[in-house]
Amino acid sequence: MSNGVRLRFSKGDPVRFLSHLDVLRTIERAIRRSKLPIAYSEGFHPKQKIAFAHALPVGVTSKAEYMDLQMNKSVSGIEVQEALNTVLPPGFRISDSAMLPERTASLMSIVKAATYRLAFLKTVSFNGEEVVKQLLAAEQLMVDRQTKKGIRRLDIRPMVYVLQWSDNCLYVQGACGSEQNLRPTEISSLLTVAASDVLVERIELLVPDVNGKWVTPLDVVKEL
Amino acid sequence: MDERLLQILPEVSKPARYTNNELHAVHKDWEPLAVRMVLAFPDLYEIGMGNLGLKIIYHIINERVDAVAERVYLPWIDMQDKLRAAKLPLTSLESGQALSKFDVVGFTLQYEMSYSNLIKMLDLGGIARKTMDRREGDPLVIAGGPCGFNPEPLADFLDCVVIGEGEEIIHEVLDVVKKCKLQQCARHDLLAQLALIPGIYVPSFYEATYDKKGHFTSLEPMNNAPRVITKRVVADLDTAEYPEKFVVPYLDVVHDRVMVEVLRGCTRGCRFCQAGMLYRPVRERSVETLKKQIASLVKHTGYGEVSLSSLSTGDHTCVGNLVSELVADYEGQGIGLSLSSLRVDSFSVKLAEEIQKFRKTGLTFAPEAGTQRLRNVINKNVREEDLYQAVTGAFKAGWHQVKLYFMIGLPTETTDDLDGIVTLAQNVLKIGKENRGAKRPSVAVSVASFVPKSHTPFQWEGQDSQEQLLEKQAYLRKKLARPGITLQCHDVKTSFLEGVFARGDRRLAEVLARAVDLGCQFDGWSECFRYDLWMQAFAECQVNPDVYVTRKRTSEESFPWDHITSGVTRVFLAKERNTALAQERTEDCRFHGCSGCAVCTTLSVENRLQRGEQHE
Ligand code: SF4
């Protein structure tokens, strides 16, 4: 085992509107308050050794964010979890942890998919189950993607893996990562629902295991 | 949070400005009898959250069981539009209540260019703009901060103004508000009782008179209000209340770090500097208190940086010890130090060297004027040799950029003084080349326009016109155009408007109100500043802004701020002005005996030094 710890945490309603950088700053400060023996990078401007998975969009809550912390000495996952939970601001909570084996691949490199739940604030005019069928049957799902360079027309059908309608919510499993990334609001835009009328929550981040089955980033290290 | 607000938030930029719930934000129940005050900063969240004064007041009020302090900032324009469209008022962060529901709305006046924002906040908060239009049960609108020393342009909008340091007087204000709330006093009685508190100014209790030429002549008190309001001070910073925790913002705000105030006041006596005159005398905090405050704030916030702030941190008589001890305590924890201001000497460079292991940004020095003659006029105690020594030290220690701050438009300035700026910048660059290895040294010159401020020896002076300033800027730009030197000049239109309000009177209220109606706000943000609309407002109200800015005042004439005193007498300021025109210096009273500004006798306080190594 290394001195690394993988944590799963939730980003709740009170902090829904934080950006990825805001979250990073919050975690860094929480770690300093916790007095955990975090490792720092070398150089003039030492940084805490924290690594995240793919950034969560502003406005989205999550039950399953992940981060890897590198410690100076061995601290158990439970200890880290408890120490952080006592100092984290409302809205953040560490829910699970595991020690990292030597040379674990980074979260960024292993996470390939994510599950989201889309809850609609206003009663929707469509039949959820029907819509799911239609979307899955479509050959192409064209959306306008806002990128730094402007708006691009894009087919997101290959990035949509699973769609499910349940309890008046739409559950979406799709690509997540640097190569391919499905944005949950792109699905709601296909249903002509405005972004401000959907509450999106990330339910899980997923990693393909050796058999191609989806597992969580904690499963990966716990199995080893 | 209000459902309707939640709907809006995904559609605005940086919604976290409006969502509350930061670590250590204080949420109290609204007990019916408690006094509810909202601290209002008339600018964006990211600017207001950096203000140390408000952090202190927020803490002090929330320590009381019978009072609640919450926060509010001016929302950015996209959010204002959404609020208006949804018919939602501006609300406080903590309880989400409209500003109109509070007992007290307390604004801080940090800079003149935020005045339009203050009015905008009243509008959005559902509060009548003018004190005469407010009804029983409406909030009491108060203000404090440096611009409170000439609050006349805002007189029509403010129910009362706190003059001076807030730590003690805020309790007295809250006590009166509480009593009046219990007894259900009429608004007028509340104001009358507040006016009895030393340091409180109730503008509506005074009437302004003007002469035939339209110049201000006097302000006559009514309702037994005092003729002169004297600022409040805290005699001893070591016993003054200070927060153990700061609210820790999620967003990247200005001054986002642990801040301790190492000393208050400055007696160096720079004649252009309003802060230097307003905050006398000098009171240093002890190293022991500072270390305690830092330890507590670091523990509760988790910040990775501690800033030692004040008007001139290098002046603290124990600063050397303090810095070494802090470096020793915190270096291993990944916590860095920063100083808010550097003096122009090699001692300061040594300090900076000790704390800034990584020379990322440039070092900044402020000689303010280009020649010794002009530096004598403004009483800036910096010799050319001091500057050269300091920058030699800086370049040798590894910095490759030096920033130099100057002002143009100072009284008695000639082309020689502009040439002096050029010479200093060139010599600094030359020193850089001689003392740097491979990496290219650079000099960044920043030139501000001098704006005469009330309560200073230069309050009588005329401000340069925009044309004069532009000409001087062009001259410098031409002379300084060479590789290795960059020049940045302040916007002359902004300085002009700042000049209007810095020495303005009550007649500006109409202009302000009109300008806001025309769409002026966020005047300190270049992308929002609408000089054309301001000029339209002046024209429509038939007020000539030039009269406030470029006109040299006669030595006998009264000023709209004469009734407010910082303890420094007008006689002393006039004497200082004459000394300035004679190009003579006045020494720092900390080290050379009293120079007679009268603060100490008037306020029964004195310079309080910790007497460490004591250097000048
Ligand atoms: S009264 Fe004298 S000692 Fe006190 S601040 Fe003024 S000049 Fe300095």
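Quick note: structure is the one above.
The numbering scheme is per chain: residues are counted from 1 as the chain's sequence reads. Each chain gets a letter, beginning with A, and each ligand a number, beginning with 1, in the order they are written. Totals for whole chains, interfaces and linings use all residues, but because this is a predicted model, local features are given only for residues with pLDDT of at least 70 and pairs of side-chain atoms are given and counted only at 80 or more. Side-chain descriptors were evaluated using all non-hydrogen atoms of the structure, hydrogens and water having been removed beforehand.

Asker: Tell me about the overall build of chain A, and please be specific about residues and values.
Answerer: Summing up its helical and strand segments, chain A has six helices and eleven strands in all. With a 1.4 Å probe rolled over the protein chains alone, any residue whose accessible area is under 20% of its type maximum counts as buried; one over 50% counts as exposed, and the rest are partly exposed. Within the span of chain A, comprising 224 residues, buried residues form 51% of the whole. The contacts of chain A with a sequence gap of at least 6 include a subset with a gap of at least 24, amounting to 71%. Each accessible area is a Shrake-Rupley result for a 1.4 Å probe, and residues are judged covered by the shown protein chains and nothing else. Surface accessibility of chain A: about 11100 Å² in total, with carbon and sulfur atoms responsible for 52%. Chain A carries 29 positive and 24 negative side-chain charges, and their two centres are separated by 6 Å. Runs of E in the DSSP output that reach at least two residues are strands. Runs of H or I that reach at least four are helices, and both are numbered from the N terminus. Between two residues, a contact is recorded if the distance between any of their heavy atoms is within 4.5 Å. Charge assignment: positive for Lys and Arg, negative for Asp and Glu; neither His nor the chain ends contribute. Taken as the charge location is NZ of Lys, CZ of Arg, CG of Asp or CD of Glu.

Asker: Give a description of the packing of helix H6 (residues 166-182) of chain B against helix H7 (residues 187-195) of chain B that names residues and reports values.
Answerer: Geometry of a packed helix pair, given as the angle between the helix axes and the separation of the axes. All names here are of chain B. Angles run from 0 to 180 degrees between N-to-C directions of axes, and those axes are lines fitted to C-alpha atoms, restricted for helices to the stretch in contact. Between H6 and H7, whose axes approach to 10 Å, the crossing angle comes to 155 degrees. In this view, H6 runs roughly antiparallel relative to H7, as classed from their interaxial angle. The hand of the H6/H7 crossing is right-handed. Taking contact as the criterion, the partners of Val173, Val176, Val177, Lys179 and Cys180 in H6 are, on H7, Leu190, Gln193 and Leu194. In the contact of H6 with H7, the residues fall into six nonpolar, one polar and one charged. Here the word oblique covers every angle except those under 35 degrees (roughly parallel), over 145 (roughly antiparallel) and from 65 to 115 (roughly perpendicular). Left-handed is the label given to a crossing in which the near helix is rotated counterclockwise from the far helix by less than a right angle, and right-handed is the label when the rotation is clockwise. Three categories are distinguished: nonpolar for Ala, Val, Leu, Ile, Met, Phe, Trp, Tyr, Cys and Pro, charged for Asp, Glu, Lys and Arg, and polar for the others, with Gly belonging to the last.

Asker: Report on the interface of chain B and chain A, specifying residues and quantitative values.
Answerer: The interface of chain B with chain A comprises 28 residues on the first partner and 22 residues on the second. When two parts are put together, the accessible area they lose, computed with a 1.4 Å probe and summed over both, is reported as buried area. The junction of chain B with chain A conceals about 2100 Å² of combined surface from both sides, 60% of it contributed by carbon and sulfur atoms. Here, a salt bridge means any side-chain nitrogen of Lys or Arg that lies within 4 Å of a carboxyl oxygen of Asp or Glu. Counting the contacts that link chain B with chain A gives one salt bridge. A salt bridge links A:Arg29 to B:Asp256; the shortest N-O distance between them is 2.8 Å. Secondary structure elements with two or more residues in the side of chain B that touches chain A: helix H1 (3-8) and helix H9 (287-301) of chain B. In terms of residue class, the side of chain B that touches chain A is built from 13 nonpolar, nine polar and six charged.

Asker: Got a sec to walk through the packing of aromatic side chains? Specific residues and values, please.
Answerer: By convention, a stacked pair of Phe, Tyr or Trp rings (six-membered ring in the case of Trp) has centres within 6.5 Å and planes under 30 degrees apart, an edge-to-face pair has planes over 60 apart, and any other such pair is tilted. With the rule as written, the count across this model stands at 21 aromatic pairs over all chains. With centroids separated by 6.3 Å and ring planes inclined at 80 degrees, the aromatic side chains of A:Phe9 and A:Phe52 adopt a geometry described as edge-to-face. Of the two residues, A:Phe9 sits in strand E1 (residues 4-11) while A:Phe52 sits in strand E2 (residues 50-52), which places them 43 residues apart along the sequence. Linked through ring pairs, B:Tyr115, B:Phe501, B:Trp534 and B:Phe538 together constitute an aromatic cluster. The residue whose ring lies beneath B:Lys55 is B:Phe246, and the NZ or CZ to ring-centre distance is 4.9 Å. Here the basic side chain of B:Lys493 rests over the ring of B:Tyr531, its NZ or CZ set 5.4 Å away from the ring centre. The rule for a charge over a ring is simple: NZ of Lys or CZ of Arg within 6 Å of the ring centre, and within 35 degrees of the ring normal.

Asker: Describe the pattern of salt bridges, listing the residues and the values that go with them.
Answerer: All names here are of chain B. The full count for this structure, using the stated rule, is 64 salt bridges over all chains. The shortest N-O distance in the salt bridge between Arg264 and Glu167 comes to 2.7 Å. With Arg264 in strand E11 (residues 263-264) and Glu167 in helix H6, this pair connects stretches of sequence that are 97 residues apart. An identical accessibility class is assigned to Arg264 and Glu167; each is buried.

Asker: Quick rundown of the nonpolar core? Include the residues and the values.
Answerer: Judged by nonpolar contacts, the single largest core of 165 residues is most densely connected at A:Leu69, A:Leu84, B:Leu194, B:Leu308 and B:Trp534. Ignoring anything within four residues of it in the chain, the contact list for B:Leu308 reads B:Val260, B:Val262, B:Ile294, B:Thr313, B:Leu322, B:Val323, B:Leu326, B:Leu337, B:Ser338, B:Leu339 and B:Ser340. Remark: nonpolar core denotes a set of buried residues (Ala, Val, Leu, Ile, Met, Phe, Trp, Tyr, Cys) joined through side-chain atoms within 4.5 Å. Grouped together as the second largest cluster of nonpolar side chains are 41 residues, A:Ala53, A:Tyr116, A:Phe120 and A:Val207 included.

Asker: Tell me what's going on with the site of the ligand, and back it up with residues and numbers.
Answerer: In the vicinity of the ligand, the residues found are B:Arg280, B:Cys589, B:Cys594, B:Ser595, B:Gly596, B:Cys597, B:Ala598, B:Val599, B:Cys600 and B:Asn607. Residue composition of the shell around the ligand, grouped by class: six nonpolar, three polar and one charged. If even one non-hydrogen atom of a residue comes within 4 Å of a molecule or strand, that residue is called near it.

Asker: Lay out the pairing of strand E14 (residues 336-339) of chain B with the relevant residues and their values.
Answerer: Residues and elements named next belong to chain B. Strand direction decides the pairing type here: strand E13 (residues 305-309) and E14, joined by four bridges, are parallel. Its bridge partner being in E14, Glu305 is matched across the sheet by Gly336. Crossovers are marked right-handed if the path from the first strand over the helix to the second runs clockwise, as seen with the strands pointing away from the viewer. Remark: the E13/helix H10 (residues 319-330)/E14 crossover connection has right-handed handedness. At least two bridges found by DSSP between two strands are what make those strands a pair.

Asker: I'd love a proper account of the sheet that holds strand E17 (residues 442-449) of chain B, names of residues and values included.
Answerer: All names here are of chain B. Across the sheet, which stays open at both edges, the four strands sit in the order E15-E16-E17-E18 with parallel pairing between neighbours. The open sheet terminates on both sides in strands that have one partner only, identified here as strand E15 (363-368) and strand E18 (485-489). Direction aside, neighbouring strands of the sheet carry axes that sit 20 degrees apart on average. Bridge count between E15 and strand E16 (residues 401-408): four bridges; the pairing is parallel. The partner of Thr364 across the bridge, within E16, is Lys403.

Asker: Outline the state of the cysteines, listing residues and values.
Answerer: Residues and elements named next belong to chain B. By disulfide we mean two sulfur atoms from cysteines, separated by a distance within 2.5 Å. Evaluated as defined, the whole model comprises zero disulfides over all chains. The thiol of Cys273 is unpaired, and the distance to the nearest cysteine sulfur, on Cys270, comes to 6.1 Å. Taking the relative accessible area as the measure of exposure, Cys273 reaches 23% and is therefore partly exposed.

Asker: How would you summarise the sheet that holds strand E10 (residues 258-261) of chain B if you had to cite specific residues and measurements?
Answerer: Residue and element names in this part refer to chain B. The strand order across the open sheet formed by three strands is E10-E13-E14, and the pairing between neighbours is parallel. Single-partner strands in this sheet number two, and they are E10 and E14. The average angle at which neighbouring strand axes cross in this sheet is 20 degrees, direction not considered. Running at roughly 160 degrees to E10, H9 makes contact with E10 and E13 of the sheet.

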